[in-house]
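Each chain, letter by letter, is given below.
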There are 2 protein chains.
Amino acid sequence: MNEIERVIQLLSRLPGLGPRSARRAALHMINRRESLMQPLAQALKDAGEAIKICGTCGNLDTADPCGVCSNPARDGTILCVVEQVADLWALERTASFKGRYHVLGGVLSAIDGVGPEDLNISALVERCSGEVKEVILATNLTVEGQTTAHYIIERLEPTGVAVTRLAHGVPVGGELDYLDDGTLSAALQARRALG
Amino acid sequence: MNEIERVIQLLSRLPGLGPRSARRAALHMINRRESLMQPLAQALKDAGEAIKICGTCGNLDTADPCGVCSNPARDGTILCVVEQVADLWALERTASFKGRYHVLGGVLSAIDGVGPEDLNISALVERCSGEVKEVILATNLTVEGQTTAHYIIERLEPTGVAVTRLAHGVPVGGELDYLDDGTLSAALQARRALG
């Protein structure tokens, strides 16, 4: 296998890229060697060396503790529990949450053989013995996500912290006609008084 | 911008990857640092250093002349003229062409200001003064591709080589009902006697 084929083979292992789009991406980079290919090679090398897992919350960052955990302006009394780092990043992009996070690293799943000890749950319970007053569960609305949320509620009960979860309902800008029944039912049940 | 953001920014410049899929790809790699991120960084660096443009046909390869041009088993009397290296690769994957190639590097386009001198056409005319007996035009069936094909036919006329083009018609496995009118008309006009 020559160097080009090796690049294509590795690119095709990225999510969202098949063999055809990996070839297109490789050609695109070869035609932009100085401006894209070499910088990307260097950036991947740098990132691979610099990225650490935050020992406090499980976030990925170039520092440990991560930027969120070490930021004194963030409210350490509220923790938002997410499944994956991608979820944390999604919440950070909204810039509307000023507390801190806890990344589980997955969800409970009997089929995949993921038990509580495989997730970052004990550390969460430990954190809740300190200054934490509220835990917001932001696991996904899947069977596994909800199972995990219920398990965490049980584990956190003795600590006495308040446990909340994200509101579920109609997405902003969403059209009722295109929504699934589950979301619509949840939105109905969680209806709020106006004014 | 930290190392993670830099990777995401560069990845999002690849064709087919937007900001969201670039983030997903970056996280995917960070979770597979040893098996994917570091090898890809190395492969990109190696490829960036090793890849050359073939001085004969314009193909991209780690050798100049490229593997096709230097392969004595390939028929040097037939040249297939393609717009881009990607087209050459597509034809090579079929393994049904045993001649050599000539990559134009684009098509004539008044709108984009691409003239004959911007394409690899003079070198093609020069090659046709040697052992070449047939030139297969495999430019795309776009206005620009066809304009370029006609221009090449004129330029090659004095050399006396036979000029052919790829057959146009119904794709193998294609259903008539889903074909565009142009392809269907071309397939009708180019109908062949059975048996």
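These numbers come from a predicted model, not from an experiment.

Asker: Got a minute to help me understand the overall build of chain A in this structure?
Answerer: Looking only at helices and strands, chain A features seven helices and six strands. Going from the N terminus to the C terminus, chain A shows its helices and strands as α-α-α-β-β-β-α-β-α-β-α-β-α. Computed over C-alpha atoms, the radius of gyration of chain A comes to 21 Å, more than 25% over the 16 Å expected from 2.2 N^0.38 for 195 residues, which places it beyond the range of a compact globule. Projected onto its principal axes, the C-alpha coordinates of chain A cover approximately 60 × 45 × 40 Å. The 195 residues of chain A split such that 41% are buried. Sequence-distant contacts, at least 24 apart, represent 48% of the contacts inside chain A between residues at least 6 apart. Surface accessibility of chain A: about 10800 Å² in total, with carbon and sulfur atoms responsible for 52%.

Asker: So what exactly am I meant to see when it comes to the relation of the copies chain B and chain A here?
Answerer: Between the two chain copies there is a screw-like relation: a rotation about an axis and a shift along it. In the superposition of chain B on chain A (RMSD 0.1 Å, axial shift 0.1 Å), the rotation amounts to 180°. The transformation just described matches what one would write down for a two-fold rotation axis. Proximity to the rotation axis, assessed at the C-alpha, singles out B:Ala41 in chain B; its C-alpha lies 2.2 Å from the axis. A shared interface surface links the copies, since 100% of the contact residues of chain B are contact residues in chain A too.

Asker: Would you mind showing me how to read the UniProt feature "domain: Toprim" (unreviewed entry) in chain A here?
Answerer: Mapped onto this numbering, the UniProt entry gives "domain: Toprim" (unreviewed entry) at residues 77–171 of chain A. Secondary structure content for residues 77–171 of chain A is 32% helix and 20% strand, while the C-alpha to C-alpha distance between its ends is 28 Å.

Asker: Where do I start with the sheet that holds strand β4 (residues 99–103) of chain B in this structure?
Answerer: Hydrogen bonds along the backbone pair up the strands of a sheet, which may run parallel or antiparallel. All names here are of chain B. In spatial order, the strands read β4-β3-β5-β6; together these four strands make up an open sheet with parallel pairing. Edge strands, defined here as strands with exactly one partner in the open sheet, are β4 and β6 (162–165). Each adjacent strand pair in this sheet contributes to an overall mean axis angle of 30°, direction not counted. Two strands pair when backbone bridges link them, and strand β3 (residues 75–82) and strand β5 (residues 134–137) are joined in this way by four bridges, in the parallel orientation. Counted as the bridge partner of Val81 is Leu137 from β5. Packing of helix α4 (residues 85–94) onto the sheet brings it into contact with β3 and β4, and relative to β4 it is tilted by some 160°.

Asker: Hey, could you run me through the pairing of strand β4 (residues 99–103) of chain A in this one?
Answerer: Remark: a regular strand shows side chains that alternate across the two faces of the sheet. Most of β4(A) is tucked away, with five of its five residues classed as buried. Regarding the hand of the β-α-β motif, the stretch spanning strand β3 (residues 75–82) of chain A, helix α4 (residues 85–94) of chain A and β4(A) is right-handed.

Asker: Got a minute to help me understand the nonpolar core in this structure?
Answerer: Among soluble globular proteins, nonpolar side chains are generally buried collectively. Counting residues in hydrophobic clusters, the biggest one holds 75 residues, and the most contacted among them are A:Leu11, A:Met29, A:Leu44, B:Leu11, B:Met29, B:Leu44 and B:Cys80. Every residue in contact with B:Met29, bar those within four places of it in the chain, is listed here: A:Leu14, A:Leu44, B:Leu11, B:Leu36, B:Met37 and B:Leu40.

Asker: Can you help me understand unusual backbone geometry in this one?
Answerer: Glycine aside, a negative phi is what most residues show, and trans is what most peptide bonds show. Residue and element names in this part refer to chain A. A cis geometry characterises the amide bond from Asp64 onward to Pro65, with omega recorded as 0°. As for its position among the elements, Pro65 is in the loop between β2 (60–61) and β3. The backbone of Ala95 sits at a positive phi, close to 55°, despite the residue not being glycine.

Asker: Just checking my understanding: could you explain the pattern of salt bridges for this structure?
Answerer: When charged atoms on two side chains of opposite charge get close, those side chains can pair. Applying the stated criterion across every chain yields a total of four salt bridges over all chains. Between A:Glu92 and A:Arg74 there is a salt bridge whose closest N-O contact spans 2.8 Å. Separated by 18 residues along the polypeptide, A:Glu92 in helix α4 and A:Arg74 in the loop between β2 and β3 bring together distant segments of the chain. We note a salt bridge from B:Glu49 to B:Lys45, for which the minimum N-O separation is 3.7 Å. In this pair, B:Glu49 and B:Lys45 both sit in helix α3 (residues 33–50), four residues apart, roughly one turn of the helix. The exposure class assigned to B:Glu49 is exposed, which follows from its relative accessible area of 56%. The exposure class assigned to B:Lys45 is partly exposed, which follows from its relative accessible area of 38%.

Scoring rules and cut-offs
Residues numbered from 1 in each chain as written. Chains lettered and ligands numbered in written order. Predicted model: local features only at pLDDT ≥ 70, side-chain atom pairs only at ≥ 80, totals over all residues. Heavy atoms only, no water. Helix = DSSP H or I, 4+ residues; strand = E, 2+ residues; numbered from the N terminus. Rg over C-alpha atoms; globule rule 2.2 N^0.38 Å. Buried < 20%, exposed > 50% of the residue type's maximum accessible area, 1.4 Å probe, protein only. Contact = heavy atoms within 4.5 Å. Areas by Shrake-Rupley, 256 points an atom, 1.4 Å probe, with all protein chains shown as cover. Least-squares fit on C-alpha atoms with pLDDT ≥ 70 in both. UniProt positions renumbered as here; feature names shortened; annotations may be inferred. Pairing = 2+ DSSP bridges. Axes fitted to C-alpha atoms, helices over the stretch in contact; angles between N-to-C directions. Right-handed = clockwise from strand over helix to strand, strands pointing away. Core = buried A, V, L, I, M, F, W, Y, C linked by side-chain atoms within 4.5 Å. Salt bridge = Lys/Arg side-chain N within 4 Å of Asp/Glu carboxyl O.

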